[in-house]
Structure formats: structure tokens, C-alpha cells
Amino acid sequence: MSKATGTGTGARSSAPHGADSHDVIRVHGARENNLKDVSIEIPKRRLTVFTGVSGSGKSSLVFNTIAAESQRLINETYSSFVQGFMPTLARPEVDVLDGLTTVITVDQQRMGADPRSTVGTATDANAMLRILFSRLGKPHIGPPSAYSFNTATVRASGGITVERGAAKTRTVKATYNRTGGMCTHCEGRGKVSDIDLTQLYDDSKSIAEGAFTIPGWKSDNVWTVGIYAESGFLDPNKPIRRYTKKEMQDFLYREPTKVKVNGVNLTYEGLIPKIQKSFLSKDKEAMQPHIRAFVERAVTFTTCPECDGTRLSEGARSSKIKRISIADACAMEIRDLAEWVRGLKEPSVAPLLAALQQSLDSFVEIGLGYLALDRSAGSLSGGEAQRVKMIRHLGSALTDVTYVFDEPTIGLHPHDIQRMNDLLLRLRDKGNTVLVVEHKPEAIAIADHVVDLGPGAGTAGGTVCFEGTVEDLRAGGTITGRHLDDRATLKETVREPAGVLEIRGATANNLRDVDVDIPLGALVVITGVAGSGKSSLVHGSIPAREQVVSVDQAPIRGSRRSNPATYTGLLDPIRKAFAKVNGVKPALFSANSEGACPTCNGAGVIYTDLAMMAGVATPCEDCEGKRFQAEVLEYRLGGRDISEVLAMSVDEAEEFFGAGEAHTPAAHKILDRLADVGLGYLTLGQPLTTLSGGERQRLKLATHMSEKGGVYVLDEPTTGLHLADVEHLLGLLDRLVDSGKSVIVIEHHQAVMAHADWIIDLGPGAGHDGGKVVFEGTPADLVAKRSTLTGEHLAAYVGA
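Thresholds, definitions, all that
- The numbers attached to residues start from 1 for each chain and follow its sequence in the written order.
- Per-residue local features are limited, in this predicted model, to residues with pLDDT of at least 70; the limit for side-chain atom pairs, both in listing and counting, is 80 or more; totals at the level of whole chains, interfaces and linings are taken over all residues.
- Side-chain metrics in this entry use all non-hydrogen atoms of the structure; hydrogen atoms and water are not considered.
- Secondary structure counts use DSSP, requiring at least four H or I residues in a row for a helix and at least two E residues in a row for a strand, with both numbered from the N terminus.
- It only takes one pair of heavy atoms within 4.5 Å for two residues to be counted as in contact.
- For this text, the term disulfide refers to a pair of cysteine sulfurs within 2.5 Å.
- The classification of residues rests on relative accessible area computed with a 1.4 Å probe and restricted to protein chains. Under 20% of the type maximum is buried, over 50% is exposed, and intermediate values are partly exposed.
- By definition, two strands form a pair when at least two bridges between them are found by DSSP.
- Geometry is summarised by axes, namely lines fitted to C-alpha atoms with helices restricted to the contacting stretch, and by angles between N-to-C directions that run from 0 to 180 degrees.
- When the centres of two rings from Phe, Tyr and Trp lie within 6.5 Å, Trp using its six-membered ring, the rings pair. Their planes under 30 degrees apart give stacked, over 60 give edge-to-face, and anything left gives tilted.
- Expected span of a helix: the number of residues minus one, times 1.5 Å.

**Student:** Just give me the short version of the environment of Leu789, but keep the residues and values in it.
**Tutor:** Within the secondary structure layout, Leu789 lies in helix α29 (residues 789–798). Leu789 sits 763 residues away from Arg26 along the chain, and the two C-alpha atoms are 43 Å apart. Apart from the residues lying within four places of it in its own chain, the contact partners of Leu789 are His413, His415, Val529 and Pro764.

**Student:** Could you give an account of the state of the cysteines, with specific residues and numbers?
**Tutor:** All chains considered together, the criterion is met by 0 disulfides. There is no disulfide at Cys304, and the cysteine sulfur nearest it, in Cys307, is 3.7 Å away. Note on Cys304: relative accessible area 1%, which makes it buried.

**Student:** Now, about the sheet that holds strand β5 (residues 103–106): what can you tell me, with residues and values included?
**Tutor:** With mixed pairing, the 6 strands of this open sheet are ordered in space as β5-β14-β15-β3-β16-β17. Edge positions in the open sheet fall to β5 and β17 (463–468), since each of these has one partner strand only. With strand direction ignored, the average angle separating the axes of adjacent strands in the sheet is 20°. In the packing of helix α15 (residues 414–429) onto the sheet, the strands contacted are β3 (47–51), β14 (402–406) and β15 (433–437), and the crossing angle to β15 comes to about 150°.

**Student:** Run through the packing of aromatic side chains, naming residues and quoting values.
**Tutor:** Per the stated rule, a full pass over the model turns up 15 aromatic pairs. Residues Tyr228 and Phe251 carry aromatic rings whose centres are separated by 5.9 Å and whose planes lie at 80° to one another, so their mutual orientation is edge-to-face. Of this pair, Tyr228 sits in helix α6 (residues 222–230) while Phe251 sits in helix α7 (residues 245–253), and the two are 23 residues apart along the sequence. Judged by its relative accessible area of 0%, Tyr228 falls in the buried class. Measuring from ring centre to ring centre gives 5.7 Å for Tyr243 and Phe251, while their planes differ by 85°; the resulting arrangement is edge-to-face. What makes Tyr243 buried here is its relative accessible area of 9%. Accessibility expressed as a relative area gives 0% for Phe251, which makes it buried.

**Student:** So, helix α5 (residues 125–136): which residues are in play, and what are the values?
**Tutor:** For α5, built from 12 residues, the straight-helix expectation of 16 Å at 1.5 Å per residue is met to within 8% by its first-to-last C-alpha distance of 16 Å. Those residues of α5 that fall on the buried side of the exposure criterion are Ala125, Asn126, Met128, Leu129, Arg130, Leu132, Phe133, Ser134 and Leu136. Where the residues of α5 are buried, they touch α4 (119–123), β12 (320–321), β13 (324–325), α11 (326–331), α12 (334–342) and α13 (350–365).

As C-alpha cells, then:
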């Protein structure tokens, strides 16, 4: 048969098919952010790693151009009605984008901190467990919703009107029941908040004597203290501890009531609801430091006494499979839960068990077997959150998809990086295109293709410096190529501690009654595999002291009006300097105040909403994007107007405010700190929303360096740092210690470990296999003993 159909079929099969010619993603003329007309071809079905110094344009090319355009084109395939409910995306600044496939983005953004969101709810594992218990749980209590801590039990009855035909109506009695698994006491949060009344007032004093200790509550303020003193419900001259039961009820809990104080109509409300509305409903990050400190003192969170923190109702906790309730299952480490599920043999739910088993095994495979499904999603680190997002893609049947990863090795111990590399290669081998933004040499080493952007950061970057293989990159002469094989050396001498910070009996999360002395006046590195208890030891167990300054990975909250100048307080001395030289008010030099262009309200652009289509931002015609009124721009300092100053990079501004007419010591000091943390390329007016995760953390570090802290706690400060910048960071840490500070760093980077004065290694594993101190001592001792996983990897790194 094959011979008969012969020549025609054979000829067709040997010729290349037209569909096989689309084997590259072609980008031509990309100009997003700092990209300078970048043109590049990225091979499909290969693993391509994008490298370059922080701020060189990697994310602009991969996320803001390729991934953003793919998402926009997919959204356009939906109807206008559906698009109206989706986020609107503008077309990236690029001339040509060819060969795009569906893009799945796995970024390092932390998961939402909603208290109702857990690891289980974020990955569908909880949904499958609920179905399992609704089918097999004894006693049977109801459908899957009966096991959900986000679903409340609802019962209702009443009359409903039924219309039949022309003008025929009748009322029918109906009842509605929905069984939910939510604990009614804590409303499914697992914790209850309580206000410490001793932080609100001194009960030995009367209101007239100034009993209130709440920030801003002064005796002459009619809206706060005055309304309590003059309301008529309380005796302002009687000490609070001598109030009657009714007075105390009115003082603390009275419902809003209209009262007249000094002829003015006001609303009186009990102290507790008033505090909840005025302080507790606001974002803590946005509060002034002294207000935030008050809130942290006044509010305590305790485990719900009714559900014991499980979030579930008594009925949901009573239903069990093989003596295990759904609360018990969610509290297990996922690797233990996977074994329990593997032991369930029930043919009626076999497909469900297989799907649940696959999901749980994916957690273990990706190195997150130490987590529990009831772990709050907001408590995951950036690296853990990114790997949780990967779970749903590992078993996917989709192929010819483009996966985009943003530094997937963040938060990973060197021991775990190989496991992550294997997962990336598995995704590629299924026929997918994998694009990775990365700095770690171990992750760059597995690339089929490398794209190096630079040569510098900000305006000095935005061009492709190199394309090719890893071997060619080493010989290519770019910054990345030169530093790819960098290896830090162990210190010959280490600092002698000036004292110790004692931790005794630490039991937070998986810590096992840990006793440890952290040296002061030295650079101390806390290390160990992911999940070994590092953050629990440092953030959960270090005694609360005013001298401790913690710089974690929590995101900076800010609108597009926020920028490095406003966030660091740099704009205040700049405005005062402009005002002093020109003899006008400082408020004129704020784009959020009197100096703002009235047409765009100081935004610099006019936003036009186009409903389901992407909104358009056009530069304001009146101020030409400068954000200020024309008369404000006539005032100058050192020959520059305020808009020109905000367009300067940190390095330029440091020189500008360092000498001459513009010499401003207060501004220069802040700029020095920004340059110290490697942010010299940022422009002062760049919106915070455009900064990467690593840039935001270093911006926080620069801000905290001005505080009078004696102990600095840094959570993986090498996040987002290029190999060439790590040395710069080590110099900064040395300067902090030499100035009399104590620096404690949670870190996996071997260069930081090698540079430490003292290392505390936790482990030996993760979850219930960790939580112990497995080594304390100098880096040289750790390398010499090689008694832990960290010791083995550090020895290999330094070539010992």
C-alpha cells in the first residue's frame, strides 16, 4: 500500500512542513522602560536564561514585553462582555512580536495576606480534601461546603411569591439551609484579636487628668478626649477604675449616639469601636512609625479558643476518616499527608484520590513537603510562594506553552537548587519554552541559550550585550561572563563578638526548644535548607527590642505617585532647599500639593479609560509630563528646576547636592545611603510600582540605615542582586558592622556565608526534620568539619 501511494507521499513527508518553521520568538524594536530598541530571537522549546545587573532591563523584556503582549492577545479573544471584567492591558512599546505562544507567568510576588487564604485553598488541595471527607467521613455531616472554613452555616425561611401565567400569583412558604464549616467564634480566621486596654488609658487617672495614652489624643481635642469628657455619659473627674458597670459599658462599647458638646452636634461612640475604626482598619505600612508602634502594642492576636486555631466548626472536626479529621489532615506536613492518602483504598473515589495524590506528591517533589495545607498563604516567603504557584503546572498536559520564571532559586539553599533545575528541565522536555530571569551561576549553567542585558543599569542598560551558550558567555567579556566563576574566599581573621543576644527555649513553628547565643558586634549568617526554621528563629524568637531594625521581603506599598524621593524622605530637604533659595513655600515643589499641574493633578499624564480596552496614558499637554505648574518650574536651584532634579539618577543627584549652590547635607546623606545599597542608577522620580523585588528591599534597607538601631536583621539581601553586586553588598555589611552595629543575615548565598564572622546552621532537614541548630562557629570551622549540607556546599564553593 505504501509503495502504491509512493512517490507523492514520500516527497511530501521528506520536505519540511511550513508549520515547523516557527521555531523562534522574534522581538524587534522593544522600548519598554529602559530598553533601547532591542531586537532578539529566542529559540522555542528551549530553556533561555536572561542575565544582567539589577536594573539592566531583563524584566522589561521578558515580563513587560513578551509576557504582557501574549496575555493581551489572549484577552482579546474573549467577548467584549467578558473583557469588561478582566484587567485592561496596554500594548507594549515594541515594533514586532512574532511567534508568541500562550505565556504562563510564575513570578516571585508573595501571595495575598488574606487571613482566609492558606496553602490548601491556593492550590485546590483543600477543595479535593473537602470532597473526600464529604464522601467518606463518618459521621456524614453534609456536602463539601460543610468542611470549608470560608463557608458559614445559613438557615432561612419565609414566604416567596410565585407567578404563574397571567396575573396568577401565590405565596409559598420556603426554607433554605446551607451547612458550612466555618467556626462562628473566629469566623474562619483561626485567631481572635483583642485590644490591650492598658495601652489605651491609665485607669488610675480621670479623663480630666489625662488618662488617655493614645497617640494624638490631647485634652483640648473635642473630637477625641472632649467628646468623652462632655458627653454626659461619664464623670470626667472620676478615675476610670472606679467607673460603675454601666459607665464602663458606655465608655468602652456604647453604640453610636448623637450628643451635643459645647453647642456642636457630634457622634459619641464607645472607645473600642472608635479605636477599631480609626486605627485598626488602616494599613499598618502607611502609618507613621509612632502610630504603628502603638497599634503593635495595643492589639494582640490569640488562637481561637473554640476551634483551637483550626478555623473549623465542631461538626467539621467531628467527621473522620480512619480517625483523622479534615483539621488533622490539613495540619499534617504535606509529605505525611501524601502517605496517609496513599493508604486510602476506596474504589468509589479512586479518581479523586489519584488527583489528590498527584497534587500532594508535586509539593514533595518541588521541595515543599515540609509545609502544611493550613499554613497561611501570607506567611510564605517569595521563593515558597513562587514554588506553590508551580504546583498546578507540573502535572499539566499542556505543551508548546511559554513558562516565564522570575528568579525561581530565590530562598533556595544550594542543596535545593538542583531540584529546581530538574523541574525547569522537565517543563522544557515536555515541549515548552522556558524563559528564566536569574542571577545564580548554578541556574545559569543549565541554560540552552543565554541572553545577557546591560552593560549597566537604568539608562546605562537596556541593550543586549551577549547571546549564545553558557561556555561562550564565560569567554564573552561581559560583566556576567567575567563574574560567572567568581568565588569568595574564607576570612583569615574574624571579628571578636562584643556580647551575645540570648535566645532560650525557642519553639516558634518547627523549632525544637532551641537555645542559641547570637554574637553582637559581628556579621552573623543564619543558614539552612528551606523550611529548616531560619525565619522562625530570627523573626519569631529574637527578643523584641527597640534597637532591632528588621528589613524583610514584605513588599513596599505605594501608588504610581510614590517614588524613591518620597519614600526615603529625600524630597523634604530638596523642597526646603528650593524654597530657601527662591523665597517661597516648600509646598510649591510637591507634585502632590500646591505645585501640582492643575490639568493632570501632578501625575504628568492623563489617563483615559476605554472600558474593556486598555486605558491610554498620554503625557499632559500643559506641563509636558513634568508634573508641575509652569511658574514653579521657573524657580531654580543650582541651575536646575525641580522636574530636572527628579529626573536625575541617584549618582547624578549625589554629585549635584554635594557641592556648590545646591549643597544640601541632609539630601546628600540620604543619597549616599541609596548609592551604598547599589541603587545609584535609579532616578529620583521613578514610580515605586516599576521597581523589582530586590530593588524594593534595598530601598527599605537604605531607609532603615538612618535609624538608631544597634542590631540589623536582613532577610536574604542578595535577592535580585547580580554576581558583580554581591561584593558591593558585602562591603556595605562590613561598614555597618565596623560602625558598631550588629548585623544578622538570613542567607543562602555562599559568598555571604564565606564572608561571615559566625555561622548558625539550622536543620538537618525541613519541617519536622529541621528546627535544630546543627552547627555554630566560624565559616572555616564549618568547611573543615563538613558535618552539614551547608558545610559540604560551602566547601565545594570555596574549593576547599
